[in-house]
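Topology and contacts: notes
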Amino acid sequence: MSANEVLHAGLNLGATDPKTHAEAGSAIFGFWVFLMTDAVLFALLFANYGVLLSGTAGGPGPAAEFKLSSAFIETLLLLTSSFTFGLASLAMKHGSQPRLLQVWLPTTLLLGAGFLGMELHDFATMLSDGATPSRSGFLSAFFALVSTHGLHVFAGCVWIIVMMVQIAVFGTDARVKINVLRLGLFWHFLDIIWVAIFSVVYLQGLIR
């Protein structure tokens, strides 16, 4: 494998579009730097949650408020969306059936929207129970971490819509392909963060 084939981690376009693959090197590297700064943000939020986990101030704790079944379905939705985005990326790479790209991207969007809808329902249920961010340190840390991830997913959904419009207008030119590569890294990063949230926040919270 040559050096040009390992310019960036992610979907390798070298075999199907060498020109775009060469252009993607610096662009994807810059986006990796952004993701690392975002990872630091989430690391701080996880640390904050860990410190404040026991600070319920006599209010509801994780076992009283968390719904494992709902969180599990949300996890399945987000992981499935990662799979469908992977199919969209492969459709873009090989280009033999360009319409598939416009099938899998909306599917990913619907799965992401379903995740957000369920998460908002969970938040509404907690708020109606009096489990508000101002109730305790634990709840403020929980909402800060989980809602920040939710805002990222919302931003990803908006980005998918933008990409669908760009593909419809410009087709899959080099600029669009690089943007899809960036979006793929962002979307899969959010899946990894959610798996960490599901494991550290929901699973551990329910066995305390």
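Residues numbered from 1 in each chain as written. Predicted model: local features only at pLDDT ≥ 70, side-chain atom pairs only at ≥ 80, totals over all residues. Heavy atoms only, no water.

**Let's talk about the side chain of Asp191**
Rule in force here: Helix and strand definitions follow DSSP, with helices as H or I runs of at least four residues and strands as E runs of at least two, each counted in order from the N terminus. We call two residues contacting when some pair of their heavy atoms lies within 4.5 Å.
Here Asp191 shows up in helix H6 (residues 174–206). For Asp191, the residues in contact, after removing those within four places along its chain, are Leu78, Ser81 and Ser82.

**A look at the confidence of the model for the protein chain**
We count it as follows: The quantity known as pLDDT measures the predictor's confidence residue by residue, on a range of 0 to 100.
Averaged over every residue, the pLDDT of the protein chain is 85; residues scoring 70 or more account for 84%. Of the regions scoring below 50 in pLDDT, residues 1–8 engages in 11 contacts with residues more than four places distant in sequence or in other chains.

**Focus on the environment of Met163**
By the secondary structure assignment, Met163 is in helix H5 (residues 137–170). Residues Met163 and Leu183, 20 residues apart in the sequence, show an inter-C-alpha distance of 8.8 Å. Sequence-distant contacts of Met163, that is, excluding residues within four places in its chain, are made with Val176, Asn179, Val180 and Leu183.

**Considerations on a nonpolar patch on the surface**
Condition: Residues form patches when they are more than 30% accessible in relative terms and have no salt bridge. Like charges link within 9 Å. Nonpolar side chains (Val, Leu, Ile, Met, Phe, Trp, Tyr) link within 5 Å. Here the accessible surface of atoms and residues is derived via Shrake-Rupley with a 1.4 Å probe, and residues count as covered only by protein chains that are part of the display. Definition used for salt bridges: Asp or Glu carboxyl oxygen within 4 Å of a side-chain nitrogen of Lys or Arg.
Judged by side-chain polarity, Ile161, Val165, Val169 and Phe170 come together as a nonpolar surface patch covering roughly 380 Å² of accessible area. As for its position among the elements, Val165 is in helix H5.

**Observations concerning the nonpolar core**
Rule in force here: What is meant by a nonpolar core is a set of buried Ala, Val, Leu, Ile, Met, Phe, Trp, Tyr and Cys residues, joined one to another through side-chain atoms within 4.5 Å. Using a 1.4 Å probe on the protein chains alone, a residue whose accessible area is under 20% of its type maximum counts as buried, one over 50% counts as exposed, and one in between counts as partly exposed.
Tyr49, Phe142, Leu145, Trp194, Ile197, Val201 and Tyr202 are the most contacted members of the largest nonpolar core, which has 52 residues in total. Tallying contributions element by element places H6 first for this core, with 15 residues. Sequence-distant contacts of Ile197, defined by excluding residues within four places in its chain, comprise Phe46, Leu145, Val146, His149 and Tyr202.

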